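Chain by chain, the residues run as shown.
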Amino acid sequence: MEQKKVRVRFAPSPTGGLHLGGVRTVLFNYLFAKQQGGEFVLRIEDTDQTRFVEGAEEYIQECLRWCGLEPDEDPVKGGPYGPYRQSERKPMYRQYAEQLVNAGYAYYAFDSPEELEAMREVEKAKGNHAPQYNQTIRATMRNSLTLSAAETAELLEKGAPHVVRINMPVNEEVSFTDMIRGTVTFNTSTVDDKVLLKADGMPTYHLAVVVDDYLMKITHAFRGEEWLPSAPIHVLLWKYLGWEKDMPQWAHLPLILKPDGNGKLSKRDGDRLGFPVYAMNWKDPKTGDLTKGFREMGFLPEAFINMLVMLGWNDGSGEEIFSLDELIKRFSIDRVHKGGAKFDFDKAKWFNQQYIQKTDNARLAALLQPVLQEKGITATEDFVMKVTGLVKERCQFVNEIWDHGFFFFQKPTTIDVDSVKPKWTPEKQQFFEEWAAGFAQLPDFNAVALEESFKQLATAKGIKPGELQMPFRIMLCGGKFGPQVFVIAEALGKEETIARIQHALPLFA
RNA sequence: GCCGCGUUGGUCAAGGGGUUAAGACGCCUCCCUUUCACGGAGGAAUCACGGGUUCGAAUCCCGUACGCGGUACCA
């Protein structure tokens, strides 16, 4: 009987940058759907017009594209169950709200924001920490339960502002099976009469998820753990609407926590601790503030994805590096953790480094090209690839390729003279002059030949080769870093190597 | 406050009645390399606490503590 095609959705609100946790939710959705041969849909939950942010939806789509987690159906490409923006689905919700009212599962409430506020003040004064519009309170408010049918009809007729609230039953047990947590039970007396349809005619999240998941034939609903407390409302709604047998299976994902202290990881933590929290750079159109993203920080999308999937899931094999295809094969909800995981930026960097190591030079070179262009450097594709090949093993971010390899493209701007000078001797100076003069005799200007002639001459002069290598490195690179010196010299070529030696020699004297 | 969900090294975590309690990140020591990095070798948890159940518990049960989440006409 369970032959329905698997359909999952990611349903973000277009309110700003896409958080790490959001991407992980997408990822789990995606992996599950692809593994089951199902479909992944993107639905934009823009029912709160006051929080709508220009450009956020396009930004989310771009993030998914970068991560390689593209939806099968979305607001742009459409699909059989569109539209995929809740604001465009507005007319669809009212009828369901009314259906609920007619069946007695919901009611109209005419309380103004001021009246609600007053009620809360009174309750708080009585020692009620978080006043709820519940079974007892609703009896004291203005709604279709306390008003006569005639009064209600008249108010509605006049177009009085009103909302539709769910009529939570008294003392009933609502339970459902969460794919990650097992059976979860709530008592309806502890849940309040949540608003289903707002005064502006827009549904709240509670009504919208249920209606849309039903209409879009969603079979499995993954979302963050912060939604667990409102799950009973959704379960009840599925039942009240008469759709119980079509209710998706729920999975409430553990939260991603801040590295220090406790609590959900927030954008602020990233700013404070110096790491990104958003997938890509996000520029707030109102304030103009720019928040750094993983992409711009130099992460490879595969590494980002791999790092995220390991936060709350692992396949038990001890392996940690997985391609998206492997993840699709290996992912299983049974192995998703219940507890939240603290985000560890060091580990994230390690994943990125692992991926940089296995990424081919051509792709890395392509990523370096914009940097070179910006600096006005032109180099052949081959040369750039050669350089990335030489320096990539010491890069944690793709942006570091330049930092570790700049001296291949330009003369070092500073030379670490102080590291050489104290031990510098006229004999060493003479060594370099003679050695460089001998380059012409070299059959081929390559690393092996260079190293050999270097050692021969050093030995002949009674100087330990090791004492000459560091000065040579500093001549070429400007400091104590970089790949093997003779390899650098080979890459630089004869002319440039001689030029750098001649430039540095006088500085050391 | 109330409701819900959690709790294995600093972090991610495997293990689900009998193990020397995997592995990875980070940290420390050493090797390689007269740079850095990569790569090797090694070091450091007794499983939140307290009770049970059992010959035997990190593993099962019950409490407690702690943490987190929710408690909006936000999602």
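All values derive from a computational prediction rather than experimental measurement. (Residues numbered from 1 in each chain as written. Chains lettered and ligands numbered in written order. Predicted model: local features only at pLDDT ≥ 70, side-chain atom pairs only at ≥ 80, totals over all residues. Heavy atoms only, no water.)

Section: the protein's contact with RNA strand B
We count it as follows: Near residues are defined by distance, with any heavy atom within 4 Å of the molecule or strand qualifying the residue. N or O atoms within 3.5 Å of each other form a polar contact, as long as, within protein, one can give a hydrogen and the other can take it, and as long as residues adjacent in sequence are counted only when both atoms are side-chain atoms. Secondary structure counts use DSSP, requiring at least four H or I residues in a row for a helix and at least two E residues in a row for a strand, with both numbered from the N terminus. The classification used treats Ala, Val, Leu, Ile, Met, Phe, Trp, Tyr, Cys and Pro as nonpolar, Asp, Glu, Lys and Arg as charged, and all other residues, Gly among them, as polar.
Taken together, 62 residues form the shell around RNA strand B, and within it Ser13, Glu320, Glu393, Arg394 and Gly482 come nearest. Across the atoms of RNA strand B situated within 4 Å of the protein, the share located in sugar and phosphate is 70%. One of the side-chain N or O atoms of glutamate 45 is found 3.1 Å from a sugar or linking oxygen in RNA strand B. Interatomic distance of 2.8 Å between a backbone N/O atom of lysine 480 and a sugar or linking oxygen of RNA strand B. Sorting the residues of the surface near RNA strand B by element identifies helix H4 (113-125), strand S4 (163-166), strand S6 (182-187), strand S13 (341-342), helix H12 (345-358) and helix H18 (465-477) as the ones contributing at least two each. Of the residues assigned to the surface near RNA strand B, the class counts are 20 nonpolar, 18 polar and 24 charged.

Regarding unusual backbone geometry
In this structure, proline 83 follows glycine 82 across a cis peptide bond, with omega equal to -5°. With phi around 50°, asparagine 171 is a residue other than glycine that occupies positive phi space. Relative to the helices and strands, asparagine 171 resides in the loop between S4 and strand S5 (173-178). Backbone geometry at lysine 217 places phi at a positive 55°, although glycine is not the residue there. As for its placement among the helices and strands, lysine 217 is situated in the loop between helix H6 (205-215) and strand S8 (220-224).

Quick word on the packing of aromatic side chains
Put simply, the rule reads: Here is the rule: rings of Phe, Tyr and Trp (six-membered ring for Trp) pair when centre to centre is within 6.5 Å. Planes less than 30 degrees apart are stacked, more than 60 are edge-to-face, and the remainder are tilted. Note on classification: 1.4 Å probe, protein chains only; a residue is buried when its accessible area is under 20% of the maximum for its type, exposed when over 50%, partly exposed between these limits.
Applying the stated rule across the entire model yields 46 aromatic pairs. Ring plane angle 85° and centroid distance 5.0 Å describe the contact between tryptophan 435 and phenylalanine 472, whose orientation is recorded as edge-to-face. Linking tryptophan 435 in helix H16 (residues 426-437) with phenylalanine 472 in helix H18, this pair joins segments that are 37 residues apart in sequence. The two residues tryptophan 435 and phenylalanine 472 agree in class, both being buried. Between phenylalanine 439 and phenylalanine 445, the aromatic rings sit 5.2 Å apart at their centres with planes inclined by 75°, giving edge-to-face as the arrangement. For phenylalanine 439, a relative accessible area of 1% gives the class buried. Judged by relative accessible area, phenylalanine 445 falls into the buried class, the value being 13%.

Concerning the pattern of salt bridges
Opposite charge on two side chains lets them pair, provided their charged atoms get close. The line we're drawing: By definition here, a salt bridge exists when the distance from a side-chain nitrogen of Lys or Arg to a carboxyl oxygen of Asp or Glu is within 4 Å.
Summed over the entire model, instances satisfying the criterion amount to 39 salt bridges. For the salt bridge of aspartate 72 with lysine 34, the shortest nitrogen-to-oxygen distance reads 3.0 Å. Of the two residues, aspartate 72 is situated in the loop between helix H2 (56-67) and helix H3 (90-102) and lysine 34 in helix H1 (residues 20-35); the sequence distance between them amounts to 38 residues. Look at aspartate 72 and you get partly exposed, because its relative accessible area is 32%. Classification of lysine 34 by relative accessible area gives partly exposed; the value is 25%. Through salt bridges with shared partners, a single ionic network connects Arg9, Arg43, Glu45, Arg89, Asp212 and Asp213.

Comments concerning the layout of surface pockets
To keep it simple, the criterion reads: Cavity means a closed set of points on a 1 Å grid over the protein atoms alone, one where a 1.4 Å probe fits but cannot get out, pocket means an open set with protein on both sides within 12 Å along at least 5 of 7 lines, and lining means a residue has an atom within 4 Å of a point. Grid points are joined across faces, edges and corners, and a volume is the space filled by probe spheres set on the points.
In this structure, the largest pocket encloses a volume near 1,200 Å³. Lining the largest pocket are 40 residues, and of these Ala11, Pro12, Ser13, Glu226 and Trp227 lie nearest its centre. Residue assignment for the lining of the largest pocket shows that the elements contributing at least two residues are strand S1 (7-10), H1 and S8. The dominant element in the lining of the largest pocket, judged by the number of residues it contributes, is H1, at four residues. Across the lining of the largest pocket, the residue classes tally to 16 nonpolar, 13 polar and eleven charged.

Thoughts on the nonpolar core
Let me state the cut-off plainly: Each nonpolar core is a collection of buried residues, namely Ala, Val, Leu, Ile, Met, Phe, Trp, Tyr and Cys, held together in the definition by side-chain atoms within 4.5 Å. Working rule for contacts: check all heavy atoms of both residues, and any pair within 4.5 Å makes them a contact.
The biggest cluster of nonpolar side chains holds 60 residues, and the ones touching the most others in it are Phe304, Met307 and Phe343. Of all the secondary structure elements, the ones that give two or more residues to this core are S1, H1, strand S2 (39-42), H2, strand S9 (249-253), helix H10 (301-309), helix H11 (324-330) and H12. Of all the elements, H1 adds the most residues to this core, at nine residues. Once you skip the residues sitting within four places of it in the chain, phenylalanine 343 turns out to touch Leu20, Ile256, Leu257, Pro259, Leu265, Phe275, Phe294, Met307, Leu311 and Ala348. Counting residues in each nonpolar core, the second largest holds 56 residues, with Ile401, Trp424, Leu450 and Cys477 among its members.

Let's talk about the environment of arginine 51
Within the secondary structure, arginine 51 sits in the loop between S2 and H2. Classification of arginine 51 as partly exposed rests on a relative accessible area of 48%. Spatially, the C-alpha atom of arginine 51 lies 70 Å from that of serine 453, the residues being 402 residues apart in sequence. Residues within four places of arginine 51 in sequence aside, it is in contact with Ser13, Pro14 and Thr15.

Considering the sheet that holds strand S7 (residues 195-197)
Short version of the rule: Pairing between two strands is assigned when DSSP locates at least 2 bridges connecting them. Angular values range over 0 to 180 degrees, each being the angle between N-to-C directions of two axes fitted as lines to C-alpha atoms, with helices fitted over their stretch in contact.
In spatial order, the strands read S3-S4-S7; together these three strands make up an open sheet with antiparallel pairing. On the outer flanks of this sheet lie strand S3 (106-109) and S7, each paired with one strand and no other. Put simply, the sheet's adjacent strands are angled 45° from each other on average, direction ignored. With two bridges joining them, S4 and S7 adopt antiparallel strand pairing. The partner of valine 164 across the bridge, within S7, is leucine 197. Each of S3, S4 and S7 is contacted by H3, which is oriented at about 105° to S3, the strand it contacts most.

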